[in-house]
Structures are given as C-alpha cells and as structure tokens.
Amino acid sequence: IDFGNSTVTLKQRHGGLSSSTRGIFNSGQNPAAVNLIEYVEISTIGNALDFGDLSTARYDLATSASPTRGIFASGFSPTASPNTHLNVMDFITISSKGDAVSFGEISVPRRALGGGSNSVRGIFAGGNNPGEVDVIEYITIASVGNAIDFGRLSEAITTMKGASSNTRVIFSGGVTPSATNVIEYVTIASLGDAQDFGDLNNSSYSRAGVSSPTRACFGGGATPSLVNTIDYVQIPSKGDAIDFGDLTRSNRGLTSCSNGHGGLG
C-alpha cells in the first residue's frame, strides 16, 4: 500500500534500515550517486524528511542496525579515488538527525552486498569487485572498528538481499553470475559458513528484504524481467519460499525496512 514519497527521485540501488519507530533510507542514483539520508516515522504515513548526509556519495551499499544505531557499508562511488568500490563504513544514531560519521572498514572493497543484523552484530555478505564475492564479515554495532571475518557463502554471489531475526540472517536470490533462487542463512551469534535454507519461487536478483522476528519477506527484483511478487519464509525453520502477495508495481533495486526489530534490507 502506498506510504509516501522520497525527498528526491532515486533511480535504484539505495539502502534502508530501521529502529522500532523510524525508517532510514539513503544514497542511490539520481542518476548520479547521491549522499543523502532521509527518514520516515513508521507508525504514520507520509513523505520522507531530510536526516543528513553520508560521508561519500555512493550506491549499491549494504546496511545493518541495532535499535539505536544504523550502519552503512561499502558501495560504489564513481567519483572516489583510487577505488570506486569502497570499503568504508559510516554510522548514525537513528533517533537523532545529522551526518553519518566513520565506523571503520570492511576487508574487501565491493558493491551490491547483502546485510542484516540483530541488536548486537551486523553481518555483511557477498557483493562484487568486479567479480562476485563469497566473503561474510561481521561488526559489533555498539563499538566502532573494522569488520571481522565470519565465514563464506556457498558460492560467490552479488545483488542478493538480507533479512534477519535476533538469531539468523537470511540471504536470498542474487547473481552467480546468472540469477539464482537460492536462500541461505547464518546464525548471527556464531561464526561459520552459510547453510542452505531453501529456494525462492523464481531465480531473481536486486530484491528488497524485510522481516519480523519470525517471518522474512522478499519483494520485487528482476529475473531479468522486472517482477512485483513478494515471497516469504518462516525464519526459525527451513524450507522453500511461499507467495505473500504483490508490490504496487514491478521494480528492481528497491530498498526496504521494517519495525520488527531485526528486520532489515
């Protein structure tokens, strides 16, 4: 159902995160990379408002969040030097407004990676630079510092999306380099490689992911034709995705957030 409008028209590839009350959306293409951060109050319906700016204009970044802090990781900046694939991480305090500040760095500069979190750890996985990457890394959200190795995906993959509960992050779809329907997961509190969860209803990429503490939904994307379908899975179990409904239009490269909390796109 329609909620409102962004402060600017973003083509695609922006990021989203949330607390239990506020949704944050950032960066993207317009058509050049932008550094804006904007927010909505989730309990109301209305247009986004200005929050502040990222440290660097970029798109194809990943996000994670605790109830108080939001993290923006990596991405692609056409104007950055010497690498256009970034390894920077910024953070904000969600309840306030202001520009993002430095958090640390991820180990592999890349774009189009997936993210998720619980209230303690943020997880970032996959991406490309320019080939597909299988790296999974984590951060402790309450501190600042560089990302630490967590494990590996089942294969190198890019443009997949994450959704999370307090215990698991689920990654779905993506390109390997062809579109895939694979869903896999990690247990946030441990370290280790991703494990098979099930399959999406179709092979697709550039979807959006949201979740409650028990259910993850993945919507939109491309097969490569644009789609409007929404699939869901029950996070505590394993199994193939089930049809949830449809978006208002077919779209790819969209972003998402939810007030679960533990539901991040």
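Residues numbered from 1 in each chain as written. Predicted model: local features only at pLDDT ≥ 70, side-chain atom pairs only at ≥ 80, totals over all residues. Heavy atoms only, no water.

## A word on the environment of glycine 145
And step 1. Summarising the element assignment, glycine 145 is placed in the loop between strand S11 (133-140) and strand S12 (148-157).
And step 2. Classification of glycine 145 by relative accessible area gives partly exposed; the value is 25%.
And step 3. Spatially, the C-alpha atom of glycine 145 lies 4.6 Å from that of glycine 104, the residues being 41 residues apart in sequence.
And step 4. Ignoring any residue separated from it by four or fewer positions in sequence, one finds glycine 145 in contact with Met89, Phe103, Gly104 and Glu105. (Helix = DSSP H or I, 4+ residues; strand = E, 2+ residues; numbered from the N terminus. Buried < 20%, exposed > 50% of the residue type's maximum accessible area, 1.4 Å probe, protein only. Contact = heavy atoms within 4.5 Å.)

## Thoughts on the sheet that holds strand S20 (residues 242-246)
And step 1. Taken together, the four strands give an open sheet; going across it, the order is S17-S18-S19-S20, and neighbouring strands pair in antiparallel fashion. Where the open sheet ends on each side, the last strands, each with one partner, are strand S17 (208-211) and S20. Put simply, the sheet's adjacent strands are angled 25° from each other on average, direction ignored.
And step 2. Strand direction decides the pairing type here: strand S19 (residues 229-234) and S20, joined by four bridges, are antiparallel. Bridging from a neighbouring strand, aspartate 231 pairs with aspartate 243 of S20. (Pairing = 2+ DSSP bridges. Axes fitted to C-alpha atoms, helices over the stretch in contact; angles between N-to-C directions.)

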